[in-house]
Amino acid sequence: MPEDIEKLKKELEKCKADKDMLELAEFSINKSYEEVFWIDKDAKIIRVNDYACKMLGYKKEELLKMTVHDIDPVFTKDLWPKHWEDLKKNKSQVIKSIHKTKEGKEYPVEISINYLNYNGREYNFAYAKDISQRECALQRLKDAEEKYRTFLENLIGIYYKANINGIPVLFEGTVKDITGYDKEEFIKGLSWDKIIHPEDFKNMKDSWELLAKAPNTSVNREYRIIRKDGAVRWLHEITRNICENNKPKYLIGSLHDITEKRLIQDEIGQAKEDAEEYLEIAANIIVAIDTKGKITLLNKNGHKLLGYKEKELIGKNWFNTCLPKEQRDEVKKVFQNCMEGKLNLVQHYDNPIMTKDGSKKIIRWYNTYLKDKTGNIIGTLSSGQDITEKQKIDELKSNILRDVSHELKTPASLITYAARKLKEQVANGELNNMHTYLRILNKNADRLNHEISSILEMGRLETTEDIAKDKVNVCSVISGVVNYYRDVAARNHNKIIYHKKAECIIKGNENLLKLCVSNLIDNSAKFTRNGKISVSLLKTGKTVTITVKDTGKGIGKNKLKYIFNPFVKVDQSSTGIGLGLSICKKIVDLHKGQIKVKSVHGKGTEFKITLPRGV
């Protein structure tokens, strides 16, 4: 007997350890394509996701032996203590840094860092996003701007004087650099129109005629020429006519090679188009607000999220239009202090917004200042992610963890109680209540084992896409389950009725089908008192239909559509963690079948499973 008790205690300790691991796994679940790290206060990596391993080129076991300093050359050991204290104080940060792969390649990252204290232990929980493409695009724009500025500062060109017919009498400047010809060739009679690109010649001819006829006229034009070596260059020309007695007499002008400028303009134009396209297709809401709180930019998805037509919100006050009334004054005050430089802008925070129909959305914001050329603040630019559903899911996860924890703790506590009482009785030689405590141990060990098995089975089925199938006698399966549950049903004074049919063979998985029928009959037995549970089987040419019907308490209409979801309990007062029906649904789906339910509150419930015979 002591050996059995010790064995049982060890099993309980293992169950508790498994539960703790389940809670930690649920707590740190991550589905995004971002690097995720759990880091302790000594900068050691204690948990990491598969995507981080892929990006960094390390195996998971390698990373778990490393520190932040091994993969992030920016975070040296002497910087870590201050970073840790700042993180504990501020709770969350968004920073830019560098990650270094196993092969030595470095790439820029944006890291969202959160401080967590879980079960008395401190963690740095970090998401890292590769921003290589974004940084390259910003550098490209910066390089283009610098190139254009340098070009303007060092611009040189051709300055000329010509008769009214365009024949030059003075031609100075970097003529050969621009055209490939010596200036003397033009003075001696080389006609400028001979080097103009054929596609631009007509427009040039029209402007020459205008200069020759209209007094005090100037033209500003861009066109292409073909150099002596055949290369095409873009020129910008400003020309005006000089008149005598109100009649055009000669021309003066300047020519500048703007080939590089045109290329840069095209590049910047493309970058602008890319940026505008990103605004249109970005899944997030992107909004710019000026210092008065007016919306100056809102992308397509921002309008859609808020429920307004495109451009309908431009010029409207963001706070008065898009924030809940109870928060407007406070947020306005903080915003104004930021615009006046009295407060630093919070780069990352979550807050609700109001849609046009009055519903609330929770948005996770990333904010930055907008500044003019002199560095003055002219507003804010914010990118927001709708996390409304995520918060609901997080709340659901929290409730599931709470319910699962409760359902596992109850039998565990009873087992501990019974084991302690048994130990006391054995020690005192008092064996009067031994059978009572053994029944408690047996009943609650079975219950604990059933709940853990359900969790494991659901986890296995969720990752299964195909199952092993063989010929299964459905009549035999049902008969076995019914015979087992006759005593279970009788505890609540219920009667199970099953009229055995002739053999019915289908192609399926016998163990899973047995589990499915068991869960349905177990449900009926649990929620029926002094009643009847009927099980029937109908065979057609291509399908079989299994029906389980009871006269129990039934299910309310508002709950029927949720009953096949995992961890959903029809009756919160009942035992169990709400996985039985979701397991049934998954098993039926794996057999390419259908499961349907009808119920009348207070009168009973009927489940029908239709499966293809496939034989």
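Residues numbered from 1 in each chain as written. Predicted model: local features only at pLDDT ≥ 70, side-chain atom pairs only at ≥ 80, totals over all residues. Heavy atoms only, no water.

It is worth spelling out the overall build of the protein chain at this point. Looking only at helices and strands, one finds 19 helices and 22 strands in the protein chain. Per-residue burial for the protein chain yields a buried fraction of 39% across its 615 residues. Of all intrachain contacts in the protein chain linking residues separated by at least 6 positions in sequence, the fraction that spans at least 24 positions is 54%. On the protein chain, roughly 36,800 Å² of surface is accessible, and the fraction owed to carbon and sulfur atoms is 51%. (Helix = DSSP H or I, 4+ residues; strand = E, 2+ residues; numbered from the N terminus. Buried < 20%, exposed > 50% of the residue type's maximum accessible area, 1.4 Å probe, protein only. Contact = heavy atoms within 4.5 Å. Areas by Shrake-Rupley, 256 points an atom, 1.4 Å probe, with all protein chains shown as cover.)

As summarised here, the arrangement of the 5 strands in space is β7-β6-β10-β9-β8, forming an open sheet in which the pairing is antiparallel. Looking at strand neighbours, the two that pair on one side only are β7 (168-173) and β8 (218-226), the edges of this open sheet. Recorded for the sheet is a direction-independent mean angle of 20 degrees between the axes of neighbouring strands. Pairing geometry for β8 and strand β9 (residues 232-244), over 9 bridges, is antiparallel. Its bridge partner being in β9, Y223 is matched across the sheet by L235. Contacting β8, β9 and β10 (247-257), helix α9 (residues 201-213) crosses the sheet at an angle of about 145 degrees to β8. (Pairing = 2+ DSSP bridges. Axes fitted to C-alpha atoms, helices over the stretch in contact; angles between N-to-C directions.)

A word on the side chain of T605. In this structure, T605 sits in strand β22 (residues 604-612). A residue is classified by how much of its surface remains accessible, and T605, at 6% relative accessible area, is buried. Setting aside chain neighbours within four positions, we find T605 in contact with V548, K549, D550, G554, I555, V597, K598 and S599.

This brings us to the confidence of the model for the protein chain. Detailed reading of predicted coordinates is not advised where the pLDDT is low. Mean pLDDT over the protein chain works out to 80, with 79% of the residues at or above the 70 mark. Note on residues 151-155: pLDDT is under 50 here. Beyond four places in sequence and across chains, it has 6 contacts. (pLDDT = per-residue confidence, 0-100.)

Let us now look at the pattern of salt bridges. Summed over all chains, the structure comprises 21 salt bridges. Linking R134 and E110 is a salt bridge whose minimum nitrogen-to-oxygen distance equals 2.9 Å. Taken together, the positions of R134 in helix α6 (residues 132-153) and E110 in strand β4 (residues 106-118) put the pair 24 residues apart, joining distant regions of the chain. Classification of R134 as partly exposed rests on a relative accessible area of 37%. Look at E110 and you get buried, because its relative accessible area is 17%. Across the salt bridge formed by E340 and K342, the nearest N and O atoms sit 3.1 Å from each other. (Salt bridge = Lys/Arg side-chain N within 4 Å of Asp/Glu carboxyl O.)

A few words on the sheet that holds β22. What the 5 strands build is an open sheet, ordered β17-β19-β20-β22-β21; its pairing is mixed. The open sheet has two edge strands, β17 (495-498) and β21 (594-600), and neither has a second partner. Strand-to-strand twist across the sheet, computed as the mean angle between neighbouring axes with direction ignored, equals 10 degrees. In terms of strand pairing, β21 meets β22 through 7 bridges, oriented antiparallel. Bridged to S599 within β22 is T605. With respect to the sheet, helix α17 (residues 510-527) is in contact with β17, β19 (532-539), β20 (543-550) and β22, its orientation differing from that of β20 by roughly 20 degrees. Here helix α19 (residues 580-590) sits on the sheet in contact with β21 and β22, set at roughly 145 degrees to β21.

Below, the discussion takes up the packing of α17 against α19. A pair of packed helices is captured by two measures, namely the crossing angle of their axes and the spacing between those axes. Put simply, α17 and α19 touch, their axes get as near as 9 Å, and they point 145 degrees apart. As α17 runs across α19, the sense of the crossing is left-handed. Residues L512, L513, L515, C516, N519, L520 and N523 of α17 form the contact with α19, whose participating residues are G580, L581, I583, C584, I587 and V588. Its residues assigned to classes, the contact of α17 with α19 comprises 10 nonpolar, 3 polar and no charged. (Left-handed = near helix turned anticlockwise from the far one by under 90°. Nonpolar A, V, L, I, M, F, W, Y, C, P; charged D, E, K, R; others polar.)

One can find N367 in strand β14 (residues 360-371). Here N367 falls in the buried class, since its relative accessible area comes to 10%. Of note is the side chain of N367, whose polar atom sits 2.6 Å from the side chain of S382. (Polar contact = N/O pair within 3.5 Å; in protein donor to acceptor, adjacent residues only side chain to side chain.)

The next subject is the environment of E503. Turning to its location among the elements, E503 is positioned in the loop between β17 and β18 (505-508). If sequence neighbours within four positions are ignored, E503 has contacts with N473, C475 and K539.

Moving on, we come to the pairing of strand β12 (residues 295-298). In this sheet, β12 lies alongside strand β11 (residues 285-290) in antiparallel orientation, the contact comprising 3 bridges. Across the sheet, residue I289 finds its bridge partner in β12, namely I295. Connecting β11 to the antiparallel partner β12 that follows it, the hairpin turn spans 4 residues, and G293 within it adopts a positive phi of roughly 90 degrees.

Quick look at the packing of helix α16 (residues 474-490) against α17 now. Interaxial distance between α16 and α17 falls to 10 Å at its minimum, and their mutual angle equals 30 degrees. The pairing of α16 with α17 is recorded here as roughly parallel in orientation. For the element pair α16 and α17, the recorded crossing hand is right-handed. In this structure, α16 uses V477, V481, V482, Y485, V488 and A489 to contact α17, whose residues at the interface are E510, L513, K514, V517, S518, I521, D522 and A525. In terms of residue class, the contact of α16 with α17 is made up of 10 nonpolar, 1 polar and 3 charged. (Parallel < 35°, antiparallel > 145°, perpendicular 65-115°, else oblique.)

Across its 15 residues, helix α13 (residues 325-339) extends 22 Å between first and last C-alpha, which sits within 8% of the 21 Å expected from 1.5 Å per residue. By the burial criterion, the buried members of α13 are F335, C338 and M339. Buried positions along α13 lie against β11, α12 (318-322), β14 and β15 (377-386). Two residues or fewer after α13 comes G341, characterised by a positive phi angle close to 80 degrees. (Expected span 1.5 Å × (residues − 1).)

A few words now on α16. Under the 1.5 Å per step criterion, the end-to-end length of α16 is 24 Å for 17 residues, consistent within 8% with the ideal 24 Å. When the local axis directions of α16 are compared, the greatest deviation, roughly 35 degrees, occurs at Y484. Here α16 has its buried residues at V474, C475, V477, I478, S479, V481, V482, Y485, V488 and A489. Against the buried residues of α16 lie β16 (470-473), β17, β18, α17, β19 and β20. Where α16 begins, one side-chain oxygen reaches toward the backbone nitrogen of C475, 3.1 Å away; that side chain belongs to N473. (Bend = angle between axes of the 7 residues up to and from the residue.)

Here we take up the nonpolar core. What tends to happen in soluble globular proteins is that the nonpolar side chains get buried as a cluster. If you look at the biggest cluster of nonpolar residues, it comprises 42 residues, and the most contacted ones within it are I478, I496, I521, V535, L537, F607 and I609. Elements that contribute at least two residues to this core include exactly α16, β17, α17, β19, β20, α19, β21 and β22. The greatest single-element share of this core, amounting to 9 residues, is contributed by α16. The next biggest cluster of nonpolar side chains, apart from the first, holds 24 residues, and it includes A43, Y58, W80 and V109. (Core = buried A, V, L, I, M, F, W, Y, C linked by side-chain atoms within 4.5 Å.)

Right, let's get into unusual backbone geometry. Of note in the backbone geometry, N216 takes a positive phi value of approximately 50 degrees without being a glycine. Residue position: N216 is located in the loop between α9 and β8. Relative accessible area serves as the criterion here: at 55%, N216 is assigned to the exposed category. The phi dihedral of H493 falls on the positive side, at around 60 degrees, and the residue is not glycine. Looking at the element boundaries, H493 is found in the loop between α16 and β17. Classification of H493 as exposed rests on a relative accessible area of 59%.

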